[in-house]
Amino acid sequence: MGSVPRTVQELAAKEEEIPQNYLHKEGDGGAPNAPPMDVPVVDIALLSSSSEELQKLCSALNTWGCFQAINHGMSPEFLNRIREITKQFFHLPFEEKQKYWREDNDIEGYGNDMVLSEQQKLDWTDRLYLLIYPEDQRKLRFWPENPRSFRSTLHEYSLKLKSISVVVLKAMARSLNLAENCFVDQYGERSKLYARFNFYPKCPRPDLVLGTKPHADGVGITLLLQDESVEGLQFLKDDKWYRAPIIPEAVLINVGDQAEISSNGMFKSPVHRVVTNAERERISLAVFYVPDAEKDIEPFEELIDDSRPRLYRKVKNYVDIYFQYYQKGRRPIEAARLEV
Ligand SMILES: O=C(O)CCC(=O)C(=O)O
Ligand SMILES: [Fe+2]
């Protein structure tokens, strides 16, 4: 008997039958031909001077819950270097990647989908998950040294994304006529940034298997670098799935549950998923801005009035709530929703 594959990549290479726990019900798998979403493109460099651009940002986050950010100060060549180190890492032999294997009771490291409940369907993806800020909390033992430029390139990307997150969070505040620091202050100086490298091997049954099952991000905001040519990400709007188009030089930014809570529902944390592909593998890199777990997250007072009642209670350590609800197969943000 051969050994049991530990990663989806090994499973895919075996070309055997797909284990039951990856198979969704007929109709719940991917619909690769979903119509494209008309997701707005926002010029980050204009957010401080153009009220039109700010308005575009606000309406994008109020409808789709996401936008494509361009003019963010990172060159297309640099973004391609990020994609390249991602591909190089996942294409190393398993023994090499195993050095960074996620330990029990840790969320960081390299591994397959985390099993949080027995009835859970597994995602057709392998991941490398790393905390990148605060810098003094980095666990370098999980940071690949192969390819050689991995650590320095990720560090450079971290610096850029940290400042882009702050620019976006401030613009989000101004677009709601709030003091520009209200999101960053509520989320705290010890907010965290996590990087999640996703690798989706080719899958022989895209009709039944999902790369990432439907979820909303339990974070403040997410900054996603998509594969430069393979689509797969889809967003749910009014109960219909739409595919996210690729703009190679853009970073796709979406609202997470905690920004939906602090904006009292003005910004939507969108449900999204990733479909699989029989012909081509895909990579992506999601960076999550996660509020300090010690901070109270609640709707800003200025966004509550008679016409717009408070929609969410105060939450703390939302990521824990997130995992408890996720196990029950419910949307975690329901835990914070008030009856109105
Ligand atoms: O791979 C993608 O495009 C999206 C991944 C995602 O939704 C996530 O990591 O939370
Ligand atoms: Fe996500």
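No experiment lies behind these values; they were computed from the predicted model shown.

J.: Which parts of the structure should I look at to understand the overall build of the protein chain?
T.: The secondary structure content of the protein chain amounts to eight helices and 12 strands. When the backbone C-alpha atoms are referred to their principal axes, the protein chain occupies close to 65 × 40 × 40 Å. Split into buried and exposed, the 340 residues of the protein chain put 53% on the buried side. Within the protein chain, residue pairs in contact and separated by at least 24 positions form 76% of the contacts whose partners lie at least 6 positions apart. Total accessible area on the protein chain stands at roughly 15800 Å², and carbon and sulfur atoms take up 48% of it. One finds the centroid of the 44 positive side-chain charges in the protein chain at a distance of 1 Å from the centroid of its 52 negative side-chain charges.

J.: Explanation requested: the site of ligand 1 in the structure shown.
T.: Near ligand 1 there are 13 residues, and of these R196, Y200, H272, R282 and S284 occur at the shortest range. One of the side-chain nitrogen or oxygen atoms of H215 is found 3.2 Å away from an oxygen atom of ligand 1. Here an oxygen atom of ligand 1 sits 2.6 Å away from a polar atom, N or O, in the side chain of S284. Here ligand 1, which alone exposes 290 Å², has 98% of that area covered by the protein. Mapped onto the shell around ligand 1, the elements with two or more residues apiece are β5 (192–200), β11 (272–275) and β12 (282–290). Here the shell around ligand 1 takes four residues from β12, the largest share from any one element. For the shell around ligand 1, the per-class residue count stands at six nonpolar, four polar and three charged.

J.: It is not clear to me how the coordination of the iron ion (ligand 2) should be interpreted in this structure. Could you clarify?
T.: Coordination angles at a metal have ideal targets, namely 109.5 degrees for four tetrahedral donors and 90 or 180 degrees for six octahedral donors. Summarising the metal site, the iron ion (ligand 2) is bound by the protein donors H215 (NE2), D217 (OD) and H272 (NE2), whose distances to it range over 2.1 to 2.3 Å. Look at where the donors of the iron ion (ligand 2) fall in the sequence and you get H-x1-D-x54-H. Linking H215 in strand β6 (residues 210–215) with H272 in strand β11, this pair joins segments that are 57 residues apart in sequence. H272 matches H215 in its accessibility class, with the two residues each being buried.

J.: When you look at the UniProt feature "domain: Fe2OG dioxygenase" (unreviewed entry) in the protein chain in this model, what are you seeing that I'm missing?
T.: Under the present numbering, the feature "domain: Fe2OG dioxygenase" (unreviewed entry) in UniProt falls on residues 191–291. Spanning residues 191–291, this segment combines 6% helix with 48% strand, and its end C-alpha atoms are found 5 Å apart.

J.: Help me understand the sheet that holds strand β8 (residues 233–237), please; the structure alone is not making it clear to me.
T.: Consider a sheet: its strands pair through backbone hydrogen bonds, and that pairing is either parallel or antiparallel. Ordered by their spatial adjacency, four strands build an open sheet running β6-β11-β8-β9, and the pairing between neighbours is antiparallel. Two strands bound the open sheet, and with one partner strand each, they are β6 and β9 (240–243). With direction set aside, neighbouring strand axes in the sheet form an average angle of 30°.

J.: Help me out: how do you make sense of the nonpolar core in this one?
T.: Across soluble globular proteins, nonpolar side chains have a tendency to be buried as a group. Grouped together as the largest cluster of nonpolar side chains are 71 residues, with contacts concentrated most on F67, Y157, M172, F183, F197 and V287. Counting residues per element, this core draws most heavily on helix α5 (residues 150–175), at 10 residues. Contact partners of V287, with chain neighbours within four places excluded, come to I132, Y157, L161, L193, Y194, A195, I221, T222 and L223. M37, Y129, F235 and L252 belong to the second-largest nonpolar core, a separate cluster that totals 19 residues.

J.: What should I look at first to understand the environment of F288 in this one?
T.: Of note, F288 is situated in strand β12. Look at F288 and you get buried, because its relative accessible area is 6%. Spatially, the C-alpha atoms of F288 and S165 are 9.4 Å apart, while their sequence positions differ by 123 residues. Contact partners of F288, with chain neighbours within four places excluded, come to Y129, K192, L193, Y194, R196, D217, V219, I221 and T222.

Conventions we followed
Residues numbered from 1 in each chain as written. Chains lettered and ligands numbered in written order. Predicted model: local features only at pLDDT ≥ 70, side-chain atom pairs only at ≥ 80, totals over all residues. Heavy atoms only, no water. Helix = DSSP H or I, 4+ residues; strand = E, 2+ residues; numbered from the N terminus. Buried < 20%, exposed > 50% of the residue type's maximum accessible area, 1.4 Å probe, protein only. Contact = heavy atoms within 4.5 Å. Areas by Shrake-Rupley, 256 points an atom, 1.4 Å probe, with all protein chains shown as cover. Lys, Arg positive; Asp, Glu negative; His and termini not counted. Charge placed at Lys NZ, Arg CZ, Asp CG, Glu CD. Near = heavy atom within 4 Å. Polar contact = N/O pair within 3.5 Å; in protein donor to acceptor, adjacent residues only side chain to side chain. Nonpolar A, V, L, I, M, F, W, Y, C, P; charged D, E, K, R; others polar. Donors = N, O, S within 2.8 Å, 3.2 Å for Na, K, Ca; no water. UniProt positions renumbered as here; feature names shortened; annotations may be inferred. Pairing = 2+ DSSP bridges. Axes fitted to C-alpha atoms, helices over the stretch in contact; angles between N-to-C directions. Core = buried A, V, L, I, M, F, W, Y, C linked by side-chain atoms within 4.5 Å.

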